[in-house]
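# Notes for the structure review
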Amino acid sequence: MIRSTAPLTAVLAISTLTAPARAQETEGVATIARRISPVEVQSTASRVLPLALGLQALQSDVDGRAHLRLLSGPAGGVQGIGVWGGPKGAILDFDEAGFDGRFLSGAIGIDFDIDTNWVVGFRLGYDDTNLDTAIGGLSGGLDSRSLSLAFYAAWRPLDNWVIDGFVGVARSEFDFRNGGVSGEVNTDRFTTGLGAGAIYEIGPFAVSPRLQVAIGVDSAVDFPDSAGVEVTNDLATYVEASAGGAVSYPTSLGALSLSPWLSAEIVGTDDEAGSASLVGDTVHGRFAAGLRTRHGALAIDLEGRAAGFGTRDFNDYQGILRLSVTF
């Protein structure tokens, strides 16, 4: 939820402007431009949202690959060189902030076995976020595009446990609009995360607990702004930790293995984007349902997610498709 009063202050300032002198008018317009500047009001705060969504997409891919390669199936995993990829999409629904939007992401990756207990790989991803805003009577928005590269690894210390981690870098471009002011920000992004998961058979079901933590830092490197605002110390930082698990029902249909599943997590987030952050410091729930299928070397994952039911100011609803072939 946007808690900054800058846009409202700008509107009040506009309504009380007088022009007895050119210098005073120029100074007043500059003050208004600064108050509603997309860099000052939207840049750092809004950039946390694409950062968080991109980080979650990366986490989901690494978790899925670690599970498939080291934990799934009667042999404990799928061995060989794996090639995988797929799209993700999310609808963003802000409760009170006058925002709505969407998030689209796509990724491809390759991973391979070091031995039966180690898998390493890399992932190329592209994210696109679009928000429409209406703050204090000023219409605006945010468009962001990010190209990322991440390296990940998964290790199975015990037969039914896996530990995985990743490091990634990205280059992002942001376009901001707020009233009559627009701006662009180019950023460098660094992300890293660590997770641990397991699988236990309880009757006909498989129970998979999961813990993970991740951090992302988005550092602005360019500030071309139509208002000419100087920005200092412009870092957007996001931290997320979660604990939860999934319950699946492994079955088969001829040569096709099927595993429908449900999951629930408690997620805690913290960011350093200031009071106007679109994410904020929250504790909320994340719920998902999906279907994993395997037929020989081909694996297909379908997943639907819903998150934000708690202290967070917005909800997101995601759909994920992941295809992989192992040689």
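Given the structure is predicted, the values throughout are model-derived calculations rather than measurements. (Residues numbered from 1 in each chain as written. Predicted model: local features only at pLDDT ≥ 70, side-chain atom pairs only at ≥ 80, totals over all residues. Heavy atoms only, no water.)

## So, the overall build of the protein chain
- Summing up its helical and strand segments, the protein chain has three helices and 14 strands in all.
- If you take every contact in the protein chain between residues at least 6 apart in sequence, the share linking residues at least 24 apart comes to 63%.
- In the form shown here, the protein chain has an accessible surface area of approximately 14400 Å², with 64% of it arising from carbon and sulfur atoms. (Helix = DSSP H or I, 4+ residues; strand = E, 2+ residues; numbered from the N terminus. Contact = heavy atoms within 4.5 Å. Areas by Shrake-Rupley, 256 points an atom, 1.4 Å probe, with all protein chains shown as cover.)

## What about the packing of aromatic side chains?
- Summed over the entire model, instances satisfying the criterion amount to two aromatic pairs.
- Centre to centre, the rings of tryptophan 118 and tryptophan 155 are 5.8 Å apart; their planes meet at 20°, and the pair counts as stacked. Taken together, the residues tryptophan 118 in strand E3 (residues 118–135) and tryptophan 155 in strand E4 (residues 138–158) connect sequence positions 37 residues apart.
- Overall, the relative accessible area of 34% leaves tryptophan 118 in the partly exposed class.
- Overall, the relative accessible area of 34% leaves tryptophan 155 in the partly exposed class.
- Consider the rings of phenylalanine 205 and tyrosine 249, whose centres lie 5.7 Å apart with planes at 55°: the pair is tilted. With phenylalanine 205 in strand E8 (residues 205–222) and tyrosine 249 in the loop between strand E9 (235–248) and strand E10 (251–253), this residue pair connects regions lying 44 residues apart in the sequence.
- The class for phenylalanine 205 is partly exposed, based on a relative accessible area of 39%.
- Overall, the relative accessible area of 41% leaves tyrosine 249 in the partly exposed class. (Phe/Tyr/Trp six-rings, centres within 6.5 Å; stacked < 30°, edge-to-face > 60°. Buried < 20%, exposed > 50% of the residue type's maximum accessible area, 1.4 Å probe, protein only.)

## So, the side chain of threonine 187
- You can see threonine 187 is positioned in strand E6 (residues 181–198).
- Using a relative accessible area of 0% as the deciding quantity, one classes threonine 187 as buried.
- In this structure the side chain of threonine 187 is engaged in a polar contact, spanning 3.0 Å, whose partner is the side chain of aspartate 218. (Polar contact = N/O pair within 3.5 Å; in protein donor to acceptor, adjacent residues only side chain to side chain.)

## Remarks on the environment of aspartate 93
- Structurally, aspartate 93 is set in strand E1 (residues 82–94).
- Assessed through its relative accessible area of 34%, aspartate 93 is described here as partly exposed.
- C-alpha of aspartate 93 to C-alpha of glycine 308: the two residues are 215 residues apart in sequence and 9.5 Å apart in space.

## A look at the pattern of salt bridges
- For the structure shown, the criterion picks out 18 salt bridges.
- Between aspartate 111 and arginine 69 there is a salt bridge whose closest N-O contact spans 2.4 Å. Remark: arginine 69 occurs in helix H3 (residues 38–70) and aspartate 111 occurs in strand E2 (residues 99–115); sequence separation between them is 42 residues.
- Since its relative accessible area comes to 0%, aspartate 111 is described here as buried.
- A salt bridge links glutamate 240 to arginine 286; the nearest nitrogen and oxygen atoms lie 3.2 Å apart. Pair noted here: glutamate 240 is in strand E9 and arginine 286 is in strand E12 (residues 282–295), with a separation of 46 residues, a long-range link. (Salt bridge = Lys/Arg side-chain N within 4 Å of Asp/Glu carboxyl O.)

## Quick notes on the confidence of the model for the protein chain
- In this model, the protein chain carries an average pLDDT of 77, and 71% of its residues clear a pLDDT of 70 or more.
- No element of the protein chain has a lower mean pLDDT than helix H1 (residues 6–15), at 30, and none a higher one than strand E7 (residues 200–202), at 92.
- A low-confidence stretch, residues 1–41 stays under pLDDT 50, and its non-local contacts, those more than four residues away or across chains, total 65 contacts. (pLDDT = per-residue confidence, 0-100.)

## Focus: the nonpolar core
- Counting 14 residues, the largest nonpolar core has Leu55, Leu58, Val62, Tyr152, Phe166 and Tyr238 as the members making the most contacts within it.
- Of all the elements in the fold, those that place two or more residues in this core are H3, E4 and E9.
- If you tally residues by element for this core, the top one is H3, at six residues.
- The contact partners of leucine 55, leaving out residues within four places of it in the chain, are Phe166, Thr191, Ala214, Ile215, Gly216 and Tyr238.
- Core analysis: the second largest hydrophobic core is formed by twelve residues, Ala90, Leu131, Leu142 and Val185 among them. (Core = buried A, V, L, I, M, F, W, Y, C linked by side-chain atoms within 4.5 Å.)

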